[in-house]
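If you want the building blocks of each chain, they are given just below.
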Amino acid sequence: MGPAAPVQSGLCVVMVCTDLSEAELVGQYLSELNMGCLVTYRRTEDLQCNTPAGRVALIVLATHEGAPSLRQALRWLRNRWPRCPLAVVGDAGCGDHELAAREGGALYLTRPVPPSQWAAVLSHVLTGTDRQAAGSGQLK
């Protein structure tokens, strides 16, 4: 019997990040809200090979991948979770990354993302997702 993905009854925020301090801010806010959990990955390939169990409320890409890799990841994510909000975290002045994010239908956040901005994004996504889940019974 192989390893099983963790069973989660609530919502999860998925974050692919190379800087754990960014994930820490998101995790702290989720803990305060007590509305979901954070699932982190180091690389997009890790997410593709081991998708999380549970309902995904938001996917954040906060890596330093090139724009072509980012576009490819966003296409895969959009195919896998068509209605899930996506966000890309990048550096200021990274026009290629911002363009790739917007073309992929993702929100673009500039580093360093202030805690108030994380709070606004997560609060909006989690409360909106709860309303959707209650109305449809299914969320992907």
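Look a little higher up for the structure.
What you are looking at is a predicted structure, and each value in this text was computed from that prediction instead of being measured. (Residues numbered from 1 in each chain as written. Predicted model: local features only at pLDDT ≥ 70, side-chain atom pairs only at ≥ 80, totals over all residues. Heavy atoms only, no water.)

With that out of the way, let us pick up the sheet that holds strand 4 (residues 86-90). Backbone hydrogen bonds are what pair the strands of a sheet, in a parallel or an antiparallel way. The strand order 2-1-3-4-5 describes an open sheet built from five strands, whose pairing is parallel. The sheet is open, and its two borders are formed by strand 2 (36-41) and strand 5 (107-110), each paired with just one other strand. Averaged over all pairs of adjacent strands, the angle between strand axes in this sheet comes to 20 degrees, irrespective of strand direction. (Pairing = 2+ DSSP bridges. Helix = DSSP H or I, 4+ residues; strand = E, 2+ residues; numbered from the N terminus. Axes fitted to C-alpha atoms, helices over the stretch in contact; angles between N-to-C directions.)

What the rule picks out here adds up to zero disulfides. No disulfide involves cysteine 37; its nearest neighbouring cysteine sulfur is the one of cysteine 12, lying 5.0 Å away. By relative accessible area, cysteine 37 is classed as partly exposed at 26%. Cysteine 84 carries a free sulfur, and the closest cysteine sulfur to it, the one in cysteine 12, is 8.4 Å from it. (Disulfide = S-S within 2.5 Å. Buried < 20%, exposed > 50% of the residue type's maximum accessible area, 1.4 Å probe, protein only.)

Most of strand 1 (residues 11-17) is tucked away, with seven of its seven residues classed as buried. On strand 1, burial covers both faces: Leu11, Val13, Met15 and Cys17 on one face and Cys12, Val14 and Val16 on the other are all buried. As judged from the six bridges shared by strand 1 and strand 2, these two strands associate in the parallel manner. Across the sheet, residue cysteine 12 finds its bridge partner in strand 2, namely cysteine 37. As for the winding sense of the linkage, the β-α-β connection from strand 1 through helix 1 (residues 20-33) to strand 2 is right-handed. Strand direction decides the pairing type here: strand 1 and strand 3 (residues 55-62), joined by seven bridges, are parallel. (Right-handed = clockwise from strand over helix to strand, strands pointing away.)

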